Amino acid sequence: MGADSGRYRGTEGRISQWLRRRPKPQPEAEEAARLALLLAVAEAGMPISPAAHPVGYRCSCERVGCPTPARHPVSFAWQTQSTTDSAQIERWAANQPLANFITATGMIHDVLDVPLSAGRVALEKLIAAGIDVGPVAQSGTDRMLFFTATRGTPEDEDEWWPCELDCHPETMDEHPGLRWHCRGSYALLPPARLPGELDVHWIRGPENPLPDPLTLLETLTDACAQYADTADQSDLDHDSVAWPLSR
């Protein structure tokens, strides 16, 4: 029950029931920190729009079997809705205190989305090599997001690496490599909450300049290939233990 609930004691009927069901407000300090991070993203030129949020282990969209709970926009018009206007972002944050936010990619920036294990290896190598990495976020316990400048609109459409927006979680293991979020895609922004008390948070904040994605690509793809080989070998080892061959 929220801090203001005492004002409504004694109220009966549906109104009092509705008031009791209201989500507990976030502390003022937490709301201020959340807004500051969202505005920092907008100041860096990355457009944002509201997204779903977790309700326990479910998604606020109430879609049965939502394949990406708390990770997708709430509006079908998210591409045109996305903005860097601070006044609009402040209104969204005030009116939707539980909402996550996504950023539309392919206009100002792209996002290179890799398995967390591969991302950690790549980030360490890039920093050791003195390469300007730019903003980096961790998403849950399985993915790392590298924010880069967008490539623009290449003449050769085959150069675009599309990303499936509504993928099922069970397909993650089938495609353990890099996903390049560019035109027509989006990425979940920190700070965000995920089912299971997980979150999305910055490792390197949006104040870091966006690098050219090609300066990161080779290191990221090498790390992803190493991750895939390790994952494949782990699966083989697991299978050999679980299903020993009969002699």
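Everything here concerns the structure above.
What you are looking at is a predicted structure, and each value in this text was computed from that prediction instead of being measured. Once a new chain begins, its residue numbering starts again from 1 and follows that chain's sequence as written. Since the coordinates come from a predicted model, pLDDT governs what is reported: local features require at least 70, and pairs of side-chain atoms require 80 or more to be given and counted, while whole-chain, interface and lining totals use all residues. To obtain the side-chain values, all non-hydrogen atoms of the structure were used and water was disregarded.

## Focus: the overall build of the protein
Runs of E in the DSSP output that reach at least two residues are strands. Runs of H or I that reach at least four are helices, and both are numbered from the N terminus. Counting secondary structure elements, the protein contains six helices and eleven strands. Exposed residues in this analysis have more than 50% of their type's maximum accessible area, buried residues have under 20%, and partly exposed residues fall in between, with area computed by a 1.4 Å probe over protein chains only. For the protein, the residues scored as buried account for 40% of the 247 residues in total. The contacts in the protein between residues at least 6 apart in sequence include a share of 76% that link residues at least 24 apart. Here a residue-residue contact requires only that any non-hydrogen atoms of the pair lie within 4.5 Å.

## Comments concerning the nonpolar core
Definition used in this section: a nonpolar core is a set of buried Ala, Val, Leu, Ile, Met, Phe, Trp, Tyr and Cys residues joined via side-chain atoms within 4.5 Å. Counting residues in hydrophobic clusters, the biggest one holds 19 residues, and the most contacted among them are Leu112, Val114, Phe146, Leu178 and Leu220. Those elements giving two or more residues to this core turn out to be β5 (109-115), α5 (116-128), β7 (143-149) and α6 (214-242). Residues in contact with Phe146, not counting those within four places in the same chain, are Asp110, Val111, Leu112, Val114, Gly119, Leu123, Leu126, Val133, Pro135, Val136, Leu216 and Leu220.

## A closer look at the pairing of strand β11 (residues 198-204)
A pair of strands is considered paired only if DSSP assigns at least 2 bridges between the two. Relative to β11, strand β6 (residues 136-139) runs antiparallel, the two sharing four bridges. Considered in β11, the bridge of Val136 is made with Arg204. Bridge count between strand β10 (residues 192-194) and β11: three bridges; the pairing is antiparallel. By the bridge assignment, Ala192 is partnered in β11 with Val200. Hairpin connection from β10 to β11: three residues lie between these consecutive antiparallel strands, with Gly196 at a positive phi of about 80°.

## A short note on the sheet that holds strand β9 (residues 186-188)
Taken in spatial order, the three strands make up an open sheet running β1-β4-β9, and their pairing is antiparallel. Of all strands in the sheet, those with a lone pairing partner are β1 (48-51) and β9, marking the two edges. The sheet shows a mean angle of 35° between the axes of neighbouring strands, direction not considered. Both β1 and strand β4 (residues 100-104) contribute to a ladder of four bridges, which runs antiparallel. Along β4, the bridge assignment pairs Pro50 with Phe101. Axis definition: a line fitted to C-alpha atoms, limited for helices to the stretch in contact. Angles are taken between N-to-C directions and run from 0 to 180 degrees. The strands touched by helix α4 (residues 86-95) within the sheet are β1 and β4, with β1 carrying the most contacts at an inclination of about 10°.

## A closer look at α5
For a helix, the expected span equals 1.5 Å multiplied by the residue count minus one. Between its first and last C-alpha, α5 extends 18 Å over 13 residues, near the 18 Å set by a 1.5 Å rise per residue. Every buried residue belonging to α5 is among Leu116, Ala118, Gly119, Ala122, Leu123 and Leu126, and all of these are buried. The buried residues of α5 all sit within an arc of 145° when viewed along its axis, so they share a single face. When the buried face of α5 is taken as reference, the exposed residues oriented beyond 90 degrees from it are Glu124 and Ala128. Just beyond α5, the residue with positive phi is Gly130, at close to 75°. By definition, the arc is the one covered by directions from the helix axis to the C-beta atoms.

## Notes on the environment of Arg204
Take Arg204: it is sitting in strand β11. Taking the relative accessible area as the measure of exposure, Arg204 reaches 24% and is therefore partly exposed. Sequence separation between Arg204 and Ala137 is 67 residues; the distance between their C-alpha atoms is 6.7 Å. Beyond its immediate chain neighbours, meaning those up to four positions away, Arg204 contacts Leu123, Val133, Gly134, Pro135 and Val136. Of the polar contacts made by the side chain of Arg204, one reaches the backbone oxygen of Gly134; its length is 2.9 Å. Throughout this description, a polar contact denotes any pair of N or O atoms lying within 3.5 Å of each other; where both atoms belong to protein, one of them has to be capable of donating a hydrogen while the other can accept it, and for residues adjacent in sequence the pair is counted only when both atoms sit in side chains.

## A look at the packing of aromatic side chains
The geometry of two aromatic rings is summed up by the distance between their centres and the angle between their planes. Whether two aromatic rings pair depends on their centres lying within 6.5 Å, for rings of Phe, Tyr and Trp, where Trp uses its six-membered ring; planes under 30 degrees apart make the pair stacked, over 60 edge-to-face, and the rest tilted. Summed over all chains, the structure comprises three aromatic pairs. Measuring from ring centre to ring centre gives 6.3 Å for Trp92 and Phe101, while their planes differ by 45°; the resulting arrangement is tilted. Aromatic side chains Phe147 and Trp202 sit 5.1 Å apart centroid to centroid with 55° between the ring planes, which places their arrangement in the tilted category. In this pair, Phe147 is assigned in strand β7 and Trp202 in strand β11, connecting sequence segments 55 residues apart. The class for Trp202 is buried, based on a relative accessible area of 14%.

## Topic: the environment of Thr150
With respect to the helices, strands and loops of the structure, Thr150 is situated in the loop between β7 and β8 (179-181). Residues Thr150 and Asp212 lie 62 residues apart in sequence; the distance between their C-alpha atoms is 7.6 Å. Beyond its immediate stretch of four places on either side in the chain, Thr150 contacts Gly106, Met107, Ile108, His109 and Asp110. Within polar-contact distance, the side chain of Thr150 engages the side chain of Asp110 at 2.9 Å.

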